[in-house]
Each structure stands twice: as C-alpha cells, then as structure tokens.
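The residues making up each chain are set out below.
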Amino acid sequence: MTIRVMVFPAGEMNSAELCFALSRQVNIELYGASSIERMGRHLFRNYRNDFPLINDPKFMDVFLAQLSDWNIDVLIPTHDSVVEFLSENRDKFSCKLLIPSEQTARACRDKDYTMELFSDDDFTPSVYQTEEDLPADKFFVKPKRGQGAVGARMINPDSPAVAEIDWETELVCEYLPGEELTVDCFTDRHGDLLGVFPRSRDRVLGGISVAGTTLQTTPEIQAIADRINDELDFLGLWFFQIKRAVNCNWKLLEISARCSGTQCLTRARGVNLPLLSVYAAMGSDVAVSENNVTLKMDRLLIPMFDFDYDVRTAYVDYDDTLVHKDGVDPEIIGLIYQFKREGIRIVLITRHAYDLNESMQRHQIPKGLFDEIVHIQDETHKSEHIDPDGAILIDNAFAERREVQQKFGIPVFDVEGSQALKRWIQ
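What you see is a predicted model; the values in this text were computed from it and never measured.

Draft legend 1. Examining unusual backbone geometry more closely. In this structure, the amide linkage connecting phenylalanine 8 to the following residue, proline 9, adopts the cis form with an omega of -15°. Following the sequence through the fold, proline 9 ends up in the loop between strand 1 (3-8) and helix 1 (13-22). Its identity is not glycine, yet cysteine 248 carries a phi of approximately 75°, on the positive side. The phi dihedral of glutamine 364 is positive, around 55°, even though this residue is not glycine.

Written out as structure tokens, the structure is:
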C-alpha cells in the first residue's frame, strides 16, 4: 500500500531530513507544502509553496482542500507552532496527524510550562521569577516560546542587561556551563518508549547541530526520557535537549515533538525515525533496532541552484572529467544518470589518446549510458561536433570550454561547477 505523506512547512533543515529519510521508501509518496518559499522546491517532487500562514483565516480552507486533492494519509509538521496549531484543530482533519496531545504540544512550545510540569524533578534547572530571585552568579535568559537559540543570552547579575529582561515573555534560569546533548526518541502508538538515542552537539550553527557524535544512553538519560514520556503523550519521533550543570548532572533545556534538524545522525545508526513514525501514525506496530557503532558527523552547507536553462543535450568530456587518476568521478557519473532519468540526451565527447572501448570497459562504464560517443582523433575543435540547441558542455579543460562558449554562447561547466546542475529531488 502506498502511503501519501505531506511535510509542512517544507523549507527548513528538518524538512530536508524528513525528505532524505522518506523519499526513497518504496511505499511512501512524499509531498511538501510551505507558506514561505525557501528550499522545498529543490527537495520535493510534489510541492506547493503558496499557502496562507497558519494564523490567516483562509489557511484552514485552503490547506484542507489541498490535503484532499493530494489524498494525504499522514501529515508531518516541522515547526513547534504548527504542531501546537494542529493539536488544537485535530478534529478538522481526516488524515492522520503526526502530533502529540494538546498538552504535550503546549509543553513543546512553551518552555515556562515545561519547567512547571517538571518542577519537582532533579533534571529541571532552577527558574527565577523575579529580579530579587536572581543568583549571585551568572544566569541564562531565553524566550519562553522560541527555537534555534534566538534571543538566548547569558547575563551577569550586576549587568545593565538585567533591567532589559522581559519577565512575561522570557524564561530566566540557572546557567548550565557543561556539554549539551540532543536525545532523539521514539514512542510507539501504544505510548511505549522504544528508543532513546543521545548525540553530542559538537558544533552548532543557527541553533542546529552541524557536527556531532552518536552516544550510548546512560541510566540518567534513560530516566529523564522515561519521565518525560510518562508525563506527556507522544506519537512517533520526538526529542529533548539537556546540558550539564555545575555539578555535572544533566538538566533539561527543552522538549519538541517534531523532527530534529540533525536526526540524520540517528538515521545513520540504522534507525529511521521518520519512517517508523509514519507507520505508527498509520496504526502499525513497529520494532526499533540500531547498529552498535559510534558515528561522527560533520555537515557542510550544500548549495542548491535554480538553473534557468532548458537543457536538452549534455556533452560530457572523458579524461579528467568523467574519469580521472582516482577512477570514475562519482559526482559526474551520478549527474549522467540524473540526465538520463530526466530524458536529456547525453553525448560523450573526448580526445582520449588510447583505446576508448578498452578504457571504458576497465572503468566499468557502459557505452549504452550515452546516446552518442564522439571520439575526436584529429585537430578539429570540439565545437565542430556540438549542436548548440539546448546544449551544455561539462569539460575540465578551460580552453575547450572557452572556445565552445565564445562560439555558441551556451553554458559550460568545469567539474566542480557542474554541481549547479544537480537536482536534489529524489
């Protein structure tokens, strides 16, 4: 059975994680929807980006109509405010919602409420209600309703910044100087906590971990996860963040019932939490198992391009482009298969000085991958063998690219520049 899954909003880091986790599953048909355009169009084959904001009176009618048109089975929200909105309006939806109870959604959105719920637990940091309560040492201030470390700051008690604290909208709590972890969790449809997966936050950019290491859970971390799961009502994936206090005990920072931005590190352990969550939402019983290995992750910012050119034929060089001293270039060969999937004509054009057939066989490159092979064995220019209509050239040689570009004005790319042609949609 095909399960139609919509991700909303579909333009942030965690929506990309959901896309990578679900788009290659044979029984999942993935859809993306957004109110604000960011990168969703690069990721989701089925995509719409013109929805009203959730606080717009028109949102619900437009959104429900689209869910019906796409025949969506499961809706996955990617923002805490959307989780809260859906939990308050769940009776209006006919599809399955990957959301917790309304109380849990509130706890995941309002840090002040979270701290109240767990005020009697040892893992809850000290919270200060007035200026008179402030400690003699530094303390921490952050929005009660916020994410991504926006507005968070450390303040010394004698600083003028104390007077700028908004006690109505900001949470003031003890300063936690130690390491910080994200703990990915999974709760099945019966409310049982089946998986607890800690990972370090070795480097953070914009509130999202861009480097980290998988860790084994400890009795202390497991006890915190159990306590949260017992108090709140989750379905599928969720996570919490903790930080070490001065006494080295773990203290709770926040809880969230959405996909985390770096859940790829848990998925690399062999645990696809988004997929398990879809099955749980559909009423299936699942099991969780992981690879018992330590994984370290470091993340690069990956560019995604809108290429405003109708490519009909791709001319690809051989030496030092498709094949170099280390063998076949995986990015270029992947690009060729992408072209083939898109119906673009592919021409191998080369001045290879040796037996081309033998070389291609040695590198296990099938001749049938190309619609045409042009093996130039005289002094003619490559431009003499190129039909420029809708053509591009990928070639490591600057002189070859420059001559073709000057003659035809078509786009030409070096090996590294060809990333502008890559399509991330699976």
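Next comes the rest of the account.
Draft legend 2. Molecular detail of the layout of surface pockets. In this model, the second largest pocket occupies a volume close to 460 Å³. Along the walls of the second largest pocket sit 21 residues, with Glu331, Gly334, Gln338, Lys422 and Arg423 positioned nearest its centre. Of the residues in the lining of the second largest pocket, the class split is nine nonpolar, five polar and seven charged.

Draft legend 3. Examining the pairing of strand 12 (residues 208-213) more closely. Of all six residues in strand 12, five are buried; the element is thus mostly enclosed. Both strand 11 (residues 203-205) and strand 12 contribute to a ladder of three bridges, which runs antiparallel. Its bridge partner being in strand 12, leucine 205 is matched across the sheet by isoleucine 208. Hairpin connection of strand 11 to strand 12: two residues between the antiparallel strands, including glycine 206 at a positive phi of 60°. Bridging between strand 12 and strand 15 (residues 296-298) involves three bridges; their strand directions are antiparallel. The partner of alanine 211 across the bridge, within strand 15, is aspartate 298.

Draft legend 4. Representation of the environment of methionine 39 in the model. Here methionine 39 shows up in the loop between strand 2 (28-33) and helix 2 (40-43). Linking methionine 39 and phenylalanine 307, residues 268 residues apart in sequence, is a C-alpha distance of 14 Å. In contact with methionine 39, not counting residues within four places along its chain, are Gly11, Glu12, Met13, Ala16 and Met304.

Calculation rules
- Residues numbered from 1 in each chain as written.
- Predicted model: local features only at pLDDT ≥ 70, side-chain atom pairs only at ≥ 80, totals over all residues.
- Heavy atoms only, no water.
- Helix = DSSP H or I, 4+ residues; strand = E, 2+ residues; numbered from the N terminus.
- 1 Å grid on protein atoms, 1.4 Å probe; cavity = no way out; pocket = protein on both sides within 12 Å on 5 of 7 lines; lining within 4 Å.
- Points joined across faces, edges and corners; volume = space filled by probe spheres on them.
- Nonpolar A, V, L, I, M, F, W, Y, C, P; charged D, E, K, R; others polar.
- Buried < 20%, exposed > 50% of the residue type's maximum accessible area, 1.4 Å probe, protein only.
- Pairing = 2+ DSSP bridges.
- Contact = heavy atoms within 4.5 Å.

Geometric descriptors of this kind do not, in isolation, establish any biological role.
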